[in-house]
Amino acid sequence: MNVKTAGRTDLEQYFSISGVFKNTKLTHTPLLVFVTSEDTVTVEIIDRAKELLNYPDATPVMGQWRGEWRSDFFQFTVGQYRAFLEAGDDTAKHKR
């Protein structure tokens, strides 16, 4: 099953400076994870970024970057997030 999500795909700033992945708990901007089976898509809401690492790399995710005047939604995969963490970017160091 192919899941198409909406949102921005320019992830560098979202991952590195939004602060979304530095928070221990995402109280106001939880992540949406799209889990697929043969004929079903289940949308799971997670409030801790570290929980993404429990999903396969191909799992689609949507996240929100809240701004002062507007909010942007981003689409990415667990694998893209995992690669960001493994790259060792200092700004990616969040409480796990």
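Conventions adopted
- Residues numbered from 1 in each chain as written.
- Predicted model: local features only at pLDDT ≥ 70, side-chain atom pairs only at ≥ 80, totals over all residues.
- Heavy atoms only, no water.
- Helix = DSSP H or I, 4+ residues; strand = E, 2+ residues; numbered from the N terminus.
- Rg over C-alpha atoms; globule rule 2.2 N^0.38 Å.
- Contact = heavy atoms within 4.5 Å.
- Areas by Shrake-Rupley, 256 points an atom, 1.4 Å probe, with all protein chains shown as cover.
- Lys, Arg positive; Asp, Glu negative; His and termini not counted.
- Charge placed at Lys NZ, Arg CZ, Asp CG, Glu CD.
- Phe/Tyr/Trp six-rings, centres within 6.5 Å; stacked < 30°, edge-to-face > 60°.
- Buried < 20%, exposed > 50% of the residue type's maximum accessible area, 1.4 Å probe, protein only.
- pLDDT = per-residue confidence, 0-100.
- Pairing = 2+ DSSP bridges.

## Describing the overall build of the chain
Helices and strands together make up the secondary structure of the chain, namely 2 helices and 4 strands. If you list the helices and strands of the chain from N to C, you get α-β-β-β-β-α. Taken over the C-alpha trace, the chain has a radius of gyration of 13 Å; the compact-globule value for 96 residues is 12 Å, and the two agree within 12%. Principal axes of the C-alpha set define a box for the chain whose edges measure 40 × 30 × 25 Å. Across the chain, contacts joining residues at least 24 apart in sequence account for 55% of those joining residues at least 6 apart. When the accessible surface of the chain is summed, it comes to about 6100 Å², and 48% of that surface belongs to carbon and sulfur atoms. Positive and negative side-chain charges of the chain, numbering 12 and 13 respectively, have mean locations separated by a distance of 7 Å.

## Digging into the packing of aromatic side chains
Under the counting rule described, the total for this entry stands at 12 aromatic pairs. Between Tyr-14 and Phe-76 the ring centres are 5.9 Å apart and the planes differ by 50°, which places this aromatic pair in the tilted class. Here Phe-76 lies in strand β4 (residues 71-77) and Tyr-14 lies in helix α1 (residues 11-17), a separation of 62 residues in the sequence. For the pair formed by Tyr-14 and Phe-76, the shared burial category is buried. Centre to centre, the rings of Trp-65 and Phe-74 are 6.1 Å apart; their planes meet at 40°, and the pair counts as tilted. With a relative accessible area of 0%, Phe-74 lands in the buried category.

## Some thoughts on the environment of Phe-34
If you trace the backbone, Phe-34 turns up in strand β1 (residues 31-36). Separated by 21 residues in sequence, Phe-34 and Gln-13 have C-alpha atoms that sit 23 Å apart. For Phe-34, the residues in contact, after removing those within four places along its chain, are Val-3, Thr-5, Val-41, Thr-42, Val-43, Thr-59, Pro-60, Val-61 and Met-62.

## Looking at the confidence of the model for the chain
Mean pLDDT over the chain stands at 86; residues scoring 70 or higher make up 92%. Throughout residues 90-96 the model reports pLDDT below 50, and contacts reaching past four residues in sequence, or to other chains, amount to 18 contacts.

## Comments concerning the pairing of strand β3 (residues 60-66)
Judged by how many residues are buried, β3 sits mostly within the fold: 5 of 7 residues are covered. Sheet topology note: the β1/β3 ladder contains 2 bridges and is antiparallel. Its bridge partner being in β3, Leu-32 is matched across the sheet by Met-62. In terms of strand pairing, β3 meets β4 through 7 bridges, oriented antiparallel. Bridging across to β4, Trp-65 finds its partner in Asp-72. The antiparallel pairing of β3 with β4 creates a hairpin that spans 4 residues between the two strands.

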